[in-house]
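Understanding the architecture of this molecule
In case you want the letters, here they are:
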Amino acid sequence: MPNILEVHNLAKNYGDFTAVKGISFDIKEGEIFSLLGPNGAGKTTTISMLSTLYTPTSGDAIIAGHSITKDPMAVKQVIGVVPQEIALYEDLTARENLIFWGQMYGLSGRSLHSRVDVVLEQIGLADKAKKRVKTYSGGMKRRVNIGVGLLHKPRLLFMDEPTVGIDPQSRRAILDTVKDLNKQGMTVLYTTHYMEEAQELSDRVGIIDHGELIALGTQDELTRQVGQTDTLILHIGENEDANALAASLKGIKDVLEANATNHEVSIITPQAENILAAVVSKANERGIKIHSIDIREPNLEAVFLHLTGRALRD
Amino acid sequence: MRKLLLIGLKDLTLMFRDRAALTFMLLAPFLLTIGMGFVTGRFSGNSSGISDIPVVIVNLDQGELGNALEDVFFSEDLADLLEPTASDSPEAARQLIDSDQASAAVIIPEGFTRSIIPAQGTMFSPNAVAPQAVQIEVYANPSRPTGAGIVKAIVDEFVSRVEEGRVSGMTSILGLLQSGLLNPQNAESEARALFKNVEETESTAITLKTDKEGAAATEFDLLAYFAPGMALMFLMFTVSYGGRSILAERAQGTLPRLMISPTHTAQVLGGKVLGIFFMGVAQVGILILASTVFFQVKWGDPLGIIVLILAAVFGAAGWGMLITALARTPAQVASTGSAVMLIFGILGGSFINLEVMPSFIRLISNITPNKWGLDGFTTLALGGTLKNLTEPVTALLIMGAVLFGVAVLIFNRSGIMQK
Ligand SMILES: Nc1ncnc2c1ncn2[C@@H]1O[C@H](COP(=O)(O)OP(=O)(O)OP(=O)(O)O)[C@@H](O)[C@H]1O
Ligand SMILES: [Mg+2]
């Protein structure tokens, strides 16, 4: 499959702060590519440059053969964008919003209206399309926000954290929509800080942190970097000293890494069962009460932890 | 071009769905106009415009000019506006006013005509005394200011025409005499012919402005001043509301979304400006229509009105764009816009007629679209047409163009998307 997107050393400064530090990656036509990273990693900044909203400080990207810096108008025609923040006219209905945005993408007449009908069906709002957006729930707004990005059937769709702050049902619906769209042939660049979403959706994942792409590949390739390890997560009380516990756990045999975040200590080990008893007794020694323990198979979370020493979410 | 229009229409739709904004744009100026109307006595008496003002005419003169004035008051053209009665006695007439049975009495004193047109043979005789002007008295009823005001205005108008005729008649005849083109024998008949002329133009002059029922109201109706004054003041609210929507769209993410769509920046900005323009025109148009329907305000030449609305909205929109370009947040635009609205409202004569203001305020008032707009609307209400609007329309267009230019420069420097 040819590349629909090629990013070359893309960088962005805000004043003297560098938000994106020269990243490079490709996306193949037809795949779902996830950009996974914590808050402030530079995901939105990257999407903003790729969608021609911000001019890169340096570097370039080629989308369907067009440079984002030299031929932004051609790029705009190819891409659809679902911004992280809901960008709709609250006093217009869902249908009116879709019609207006369709017009901005050059659609008109009957083809516009039939396209709007299709999209309303797709986002599951056909029966509520005549209500003003301001009367919608957060999840419904998110779906309209996505619908706007689909109207002109873009070859490449950018979705910037499209599931932030919504209920599990709406999230499920959105993830299914993304998969459907991809089946119909749309290439998707999906950003998220939820490891599970990247894991469920993506063919390939780029992990971004502090404006740098620290890992890139298929999920298998990435988890192999961590080796065959398990992740053990201890949930402890609020007033307990997680850092001290993590430090003392590092002394146990077979504990490869132990890191503390608030009320949590995550441990990486080749085999979780082997260290469980030792971990619990160490905690008892220090008088720390463990509320619960999770054991996780190798995953992207572990990769992030391995690479940065921090959990993806704090 | 199509996208420009679509963006503008979208903004117009949003305006009509914003109840709070509509209250400010339409209801507030409408109510304030009514308020002004009550304060100024516009609604005392008949609510459907002014008509049947009782007036007593006492003609003691019985010369040509006195009769001409009496004819004006009894003319068919003013029949709806006035309800004149004739009386022989000034005392009886004053009595009627004092007992509130009429709005005003017009007392034309004996010798009024003679004081202006001397008797045969006396005019240019060497020992002629300069004729002493005899004053017409308007005895007004203080509890009926509007009616009395109208009567007084009709008399003033008549007298000033006579004065004009007298001065120009005198000087031109003196000029002719001096240059030897006219001999004193002919001079007198010549003068009579001239004054005859005055009488005739006199009655037509007033007739011209009083075409229909309540029509003298065209000239004297204070609402024809306050209605556009309020409309223009709240037009400043609308343009800053429109400007604010640019910053609001930036904050709510729809402006970036527009920029991401295959739409040029110029189209986006142009569309927003067109939106402001649409909103302003809709607002002023609706207010004018409403005051025509509800208060019978006569605005004058429709073509002139349309051109003036377009020019005034353009000039005001320039201010809206400048405020927007200078502000950082929608809230700043809103607060600055409201302040500018009030200041311009006062400076521009929306509350107090500029003629009573000190000269430096009148000078500053030239920067307000209110002043020029109000000039134009007053001209039209007084019977002027599009041809008489050159000055205010030019001023408004220049104002708009200059302000837009400055706003675009500022936007270019800071970037429409940058914070
Ligand atoms: N307009 C701006 N001016 C200055 N700094 C900015 C601006 N936008 C973003 N930043 C900074 O750049 C960094 C990257 O921000 P960005 O929004 O790209 O992160 P993100 O990965 O999308 O985060 P999130 O998951 O919270 O959306 C952050 O440190 C942020 O504070
Ligand atoms: Mg973001």
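Residues numbered from 1 in each chain as written. Chains lettered and ligands numbered in written order. Predicted model: local features only at pLDDT ≥ 70, side-chain atom pairs only at ≥ 80, totals over all residues. Heavy atoms only, no water.

Turning next to the overall build of chain A. A count of helices and strands for chain A gives 11 helices and 14 strands. Taken along its principal axes, the extent of the C-alpha atoms in chain A is 75 × 40 × 40 Å. Counting the 314 residues in chain A, one finds 54% classified as buried. Accessible surface, chain A: about 13500 Å² in total, of which carbon and sulfur atoms supply 47%. Placing the 33 positive and 40 negative side-chain charges of chain A at their respective mean positions leaves the two points 6 Å apart. (Helix = DSSP H or I, 4+ residues; strand = E, 2+ residues; numbered from the N terminus. Buried < 20%, exposed > 50% of the residue type's maximum accessible area, 1.4 Å probe, protein only. Areas by Shrake-Rupley, 256 points an atom, 1.4 Å probe, with all protein chains shown as cover. Lys, Arg positive; Asp, Glu negative; His and termini not counted. Charge placed at Lys NZ, Arg CZ, Asp CG, Glu CD.)

An order of β2-β1-β4-β5 (chain A) is seen for the four strands of this open sheet, with the pairing classed as antiparallel. The sheet is open, and its two borders are formed by β2 (17-28) and β5 (66-67) of chain A, each paired with just one other strand. (Pairing = 2+ DSSP bridges.)

All names here are of chain B. At a minimum axis separation of 9 Å, helix α12 (residues 302-326) and helix α15 (residues 369-381) run at an interaxial angle of 175°. Taken together, the axis directions place α12 and α15 in an arrangement best described as roughly antiparallel. For the pair α12 and α15, contact is made by Gly304, Ile305, Leu308, Ile309, Ala312, Gly315, Ala316 and Trp319 and by Pro369, Gly373, Gly376, Phe377 and Leu380, respectively. Across the contact of α12 with α15, the residue classes break down as nine nonpolar, four polar and no charged. (Axes fitted to C-alpha atoms, helices over the stretch in contact; angles between N-to-C directions. Parallel < 35°, antiparallel > 145°, perpendicular 65-115°, else oblique. Contact = heavy atoms within 4.5 Å. Nonpolar A, V, L, I, M, F, W, Y, C, P; charged D, E, K, R; others polar.)

Residue and element names in this part refer to chain A. As a structural note, the neighbourhood of ligand 1 is formed by 13 residues, with Gly40, Lys43, Thr44, Thr45 and Glu161 the closest of them. Here Gly42 contributes a backbone N or O atom positioned 2.9 Å from an oxygen atom of ligand 1. Between ligand 1 and the protein, one listed contact pairs an oxygen atom with a side-chain N or O atom of Gln84 at 2.9 Å. Its free accessible area being 630 Å², ligand 1 has 65% of it covered by the protein chains. (Near = heavy atom within 4 Å. Polar contact = N/O pair within 3.5 Å; in protein donor to acceptor, adjacent residues only side chain to side chain.)

Right, let's talk about the coordination of the magnesium ion (ligand 2) for a bit. Ligation of the magnesium ion (ligand 2) by protein atoms is provided by Thr44(A) (OG1) and Gln84(A) (OE1), these donors lying 1.8 to 2.0 Å from the ion. Taken as a pair, Thr44(A) in helix α1 (residues 43-50) and Gln84(A) in the loop between β6 (79-82) and α3 (94-104) lie far apart in primary sequence, 40 residues in all. (Donors = N, O, S within 2.8 Å, 3.2 Å for Na, K, Ca; no water.)

What follows deals with helix α4 (residues 109-122) of chain A. Residue and element names in this part refer to chain A. Under the 1.5 Å per step criterion, the end-to-end length of α4 is 20 Å for 14 residues, consistent within 8% with the ideal 20 Å. Residues Leu112, Arg115, Val116, Val119 and Leu120 constitute the buried set of α4. The arc enclosing the buried residues of α4, seen along the axis, measures out at 135°, which places them on a common side. Among the exposed residues of α4, those pointing more than 90 degrees away from its buried face are Arg110 and Glu121. Of the surrounding elements, those touching the buried residues of α4 are α3 and α5 (138-150). Positive backbone phi, at 70°, marks Gly124, one or two positions downstream of α4. (Expected span 1.5 Å × (residues − 1). Arc of directions from axis to C-beta.)

Attention now goes to a nonpolar patch on the surface. Residue and element names in this part refer to chain A. The grouping of Val280, Ile293 and Ile295 at the surface amounts to a nonpolar patch, some 200 Å² of accessible area in total. Tracing the backbone shows Ile295 in strand β14 (residues 290-296). Of the residues examined, Ile295 reaches a relative accessible area of 42% and is grouped as partly exposed. (Patch = residues over 30% accessible without salt bridge, like charges linked within 9 Å, V, L, I, M, F, W, Y side chains within 5 Å. Salt bridge = Lys/Arg side-chain N within 4 Å of Asp/Glu carboxyl O.)

We now examine the packing of aromatic side chains. Tallied over the entire structure, the rule returns 12 aromatic pairs over all chains. On the numbers, 5.2 Å between centres and 75° between planes, the contact of Phe100(A) with Trp101(A) is edge-to-face. For Phe100(A), a relative accessible area of 4% corresponds to the buried category. A residue is classified by how much of its surface remains accessible, and Trp101(A), at 0% relative accessible area, is buried. Where Trp299(B) meets Phe377(B), the ring centres are 5.5 Å apart and the plane angle is 80°; that geometry is what we call edge-to-face. Of the two residues, Trp299(B) is situated in the loop between α11 (265-295) and α12 and Phe377(B) in helix α15; the sequence distance between them amounts to 78 residues. Given a relative accessible area of 8%, Trp299(B) falls into the buried group. Phe377(B) sits in the buried class, given a relative accessible area of 2%. An aromatic cluster is defined as three or more aromatic residues linked by ring pairs; in this entry it consists of Phe24(B), Phe234(B), Phe237(B) and Tyr241(B). Looking at Arg257(B), its charged tip hangs above the ring of Trp101(A), at a distance of 5.8 Å from the centre. (Phe/Tyr/Trp six-rings, centres within 6.5 Å; stacked < 30°, edge-to-face > 60°. Lys NZ or Arg CZ within 6 Å of the ring centre and 35° of its normal.)

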